[in-house]
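# Summary of structural features
What follows is the residue order along each chain.
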Amino acid sequence: MQASSDTVTALRARLERAEREAAAHQRQLERYAADLRESYRRERARAQQLRRSYKATVRALSNAVEARDAYTGKHAERVAAYGLAIARAAGIDVADEPQLEFGFLLHDIGKVGVPDAILFKPAALNADEFSCIASHAEIGSQILRHVDFLDEATLIVRHHHERWDGSGYPDRLKGEQIPLAARVFAVADALDALTTDRPYRDAVAWDQARAEIRKGSGSQFDPSVVAAYDTIGDDTFERLSDGVRGSAGR
Ligand SMILES: [Fe+2]
């Protein structure tokens, strides 16, 4: 009888020890989980801060390019806003693709390599002058080629003048050979060019711009991107344009 009571006592003691150990393990696991959550929170905050710094740097570069051309004003910011809206409509998760906005903002950075006399020439360009201006796509991608965080944005910079039918530049890419972001950019760029005054012509209304862009579907533009653009109302683009104007000087 005594023997079996000793066994029960020993078993109970072992059980209690096991329970204490399990509770200690659980507390340790909870501490690990809390540490992990804290590291994740800190990493996230750091990543967000880094992303804000990247964006501020890209904006500064983009503004430096645009400061030279008083006429186009906030062209890059408007194109970026239109482009992101069209990209969203085309099913691209723009929150996960910061490169998209960076590429849109920096598309014309290569114009720093084009002399003023050619860039702002009011008369028609001869073939040499045109090829000098056209070189801005390649110059831009060269300027950015060693900036790691602009990896994919550089593709937009290089290919923003390619055309769906293969008659664009610099690489005469055709159809889906052209990076999707550059195809989205082409529509956004045309929309801004058409709806703002330029030295050689006045701005047209939003609905006229839409008619022009539809005309270019399948030749200049990717038809699926034009279809995505067509799901967005003119009022949205007008609001985006006003938003960019409103943010000027802030
Ligand atoms: Fe350009």
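Please refer to the structure higher up on the page.
Residues numbered from 1 in each chain as written. Predicted model: local features only at pLDDT ≥ 70, side-chain atom pairs only at ≥ 80, totals over all residues. Heavy atoms only, no water.

### Overview of a negative patch on the surface
Definition in use: In this analysis, a patch consists of residues with relative accessible area above 30% that form no salt bridge, clustered at 9 Å for like charges and at 5 Å for the nonpolar side chains Val, Leu, Ile, Met, Phe, Trp and Tyr. With residues, only the protein chains shown are counted as cover, and all accessible areas are computed by Shrake-Rupley using a 1.4 Å probe. Just to be clear on terms, a salt bridge is a Lys or Arg side-chain nitrogen sitting within 4 Å of an Asp or Glu carboxyl oxygen. Neither His nor the chain ends contribute to the count of charged residues, in which Lys and Arg are positive and Asp and Glu negative. For this purpose, a charge sits on NZ of Lys, CZ of Arg, CG of Asp or CD of Glu. The cut-offs for exposure are 20% and 50% of the maximum accessible area for each residue type, with area from a 1.4 Å probe on protein chains only; residues under the lower value are buried, those over the upper are exposed, and the others partly exposed.
On the surface, Asp-93, Asp-96, Glu-97, Asp-148, Asp-151 and Glu-152 cluster together to form a negatively charged patch. Since its relative accessible area comes to 54%, Asp-151 is described here as exposed.

### Points about the coordination of the iron ion
Selection criterion: Metal sites are built from N, O and S donor atoms within 2.8 Å, or 3.2 Å for Na, K and Ca, and they leave out water, so they may look incomplete. Any coordination sphere not matching a tetrahedral pattern (four donors, all angles between 85 and 135 degrees) or a square planar or octahedral pattern (four or six donors, opposite donors over 155 degrees apart, other angles between 65 and 115) is reported as irregular. Here a helix means four or more residues in a row that DSSP labels H or I, a strand means two or more in a row labelled E, and each is numbered from the N terminus.
Only Asp-108 (OD), His-136 (NE2), His-160 (NE2) and His-161 (NE2) from the protein reach the iron ion as donors, at distances of 2.1 to 2.2 Å. Bound by four donor atoms, the iron ion shows angles of 83 to 175° at the metal and therefore irregular coordination geometry. Going along the chain, you hit the donors of the iron ion in the pattern D-x27-H-x23-H-H. In this pair, His-136 is assigned in helix H6 (residues 136–144) and His-160 in the loop between helix H7 (151–159) and helix H8 (180–195), connecting sequence segments 24 residues apart. The pair His-136 / His-160 is uniform in exposure class, with both members buried.

### Re the pattern of salt bridges
Taken as a whole and judged by the stated rule, the model has 17 salt bridges. Among the salt bridges present, the one from Asp-165 reaches Arg-163, with a minimum N-O distance of 3.5 Å.

### Describing the packing of H8 against helix H10 (residues 223–230)
The condition is simple: Where helices are involved, their axes are fitted lines through C-alpha atoms of the stretch in contact, as for all axes, and angles between N-to-C directions lie from 0 to 180°. Relative orientations are named as follows: roughly parallel for angles under 35 degrees, roughly antiparallel for angles over 145 degrees, roughly perpendicular for angles from 65 to 115 degrees, and oblique for any other angle. A clockwise turn of the near helix away from the far one marks a right-handed crossing, whereas an anticlockwise turn of less than a right angle marks a left-handed crossing. Whether two residues are in contact is decided by their heavy atoms, any of which lying within 4.5 Å being enough. When residues are grouped by polarity, Ala, Val, Leu, Ile, Met, Phe, Trp, Tyr, Cys and Pro land in nonpolar, Asp, Glu, Lys and Arg in charged, and all others, Gly among them, in polar.
One can describe the packing of H8 onto H10 by two numbers: an axis separation of 9 Å at closest approach and a directional angle of 55°. In terms of axis orientation, H8 runs oblique to H10. H8 and H10 meet at a crossing whose hand is right-handed. Between H8, through Leu-180, Arg-183, Val-184, Val-187 and Leu-191, and H10, the contact on the second element is made entirely by Val-225, Val-226 and Tyr-229. The residue inventory of the contact of H8 with H10, partitioned by class, reads seven nonpolar, no polar and one charged.

### Quick word on the side chain of His-160
Which entries qualify depends on this criterion: N or O atoms closer than or at 3.5 Å make up a polar contact, with two conditions inside protein: a donor-capable atom paired with an acceptor-capable one, and, for residues adjacent in sequence, both atoms drawn from side chains.
Of the residues examined, His-160 reaches a relative accessible area of 3% and is grouped as buried. At 3.1 Å, the side chain of His-160 forms a polar contact with the side chain of Asp-108. At 2.8 Å, the side chain of His-160 and the backbone oxygen of Val-157 are in polar contact. Beyond its immediate sequence surroundings of up to four residues, His-160 is in contact with His-107, Asp-108, His-136, Ala-137 and Phe-185.

### Overview of H10
This is how the line gets drawn: Each C-beta atom gives one direction from the helix axis, and the arc is the one those directions make.
Among the residues of H10, those classed as buried are Val-225, Val-226, Ala-228 and Tyr-229. Angular distribution of buried residues about the axis of H10 spans 155°; they occupy a single face of the element.

### Concerning the packing of aromatic side chains
Note the following rule: For this analysis, a ring pair means two rings from Phe, Tyr or Trp (six-membered ring only for Trp) whose centres lie within 6.5 Å, classed as stacked if their planes differ by under 30 degrees, edge-to-face if by over 60, and tilted for the remaining angles.
For the structure shown, the criterion picks out eight aromatic pairs. Taking the centre distance of 5.9 Å and the plane angle of 90° together, the rings of Phe-102 and Phe-149 count as edge-to-face. In this pair, Phe-102 sits in helix H3 (residues 98–106) while Phe-149 sits in the loop between H6 and H7, placing the two residues 47 residues apart along the sequence. A single burial state applies to Phe-102 and to Phe-149, both of which are buried. With 5.5 Å between their ring centres and 40° between their planes, Tyr-229 and Phe-237 make a pair best called tilted.

### Things to note about the nonpolar core
Buried together is how nonpolar side chains tend to be arranged in soluble globular proteins. We count it as follows: Nonpolar cores are built from buried Ala, Val, Leu, Ile, Met, Phe, Trp, Tyr and Cys residues. Side-chain atoms within 4.5 Å join them into one set.
Within the largest apolar cluster, 42 residues are counted, with the highest numbers of intra-cluster contacts made by Ile-86, Leu-100 and Ile-213. Within the residue set of this core, elements represented by two or more residues are helix H1 (2–66), helix H2 (75–89), H3, H7, H8, helix H9 (206–215) and H10. A per-element tally of this core places H8 first, with nine residues. Among residues more than four places away in sequence, those in contact with Ile-86 are Val-184, Val-187, Ala-188, Val-225, Ala-228, Tyr-229, Ile-232 and Phe-237.

### Some details on the packing of H6 against H7
At a minimum axis distance of 7 Å, the contact between H6 and H7 shows a crossing angle of 160°. By the angle class used here, H6 and H7 are roughly antiparallel. Remark: the crossing between H6 and H7 carries right-handed chirality. Where H6 approaches H7, its residues Ala-137, Glu-138, Gly-140, Ser-141 and Leu-144 are matched on the opposing element by Thr-154, Val-157 and Arg-158. Split by residue class, the contact of H6 with H7 holds three nonpolar, three polar and two charged.

Any functional reading would require information beyond the geometric quantities listed.
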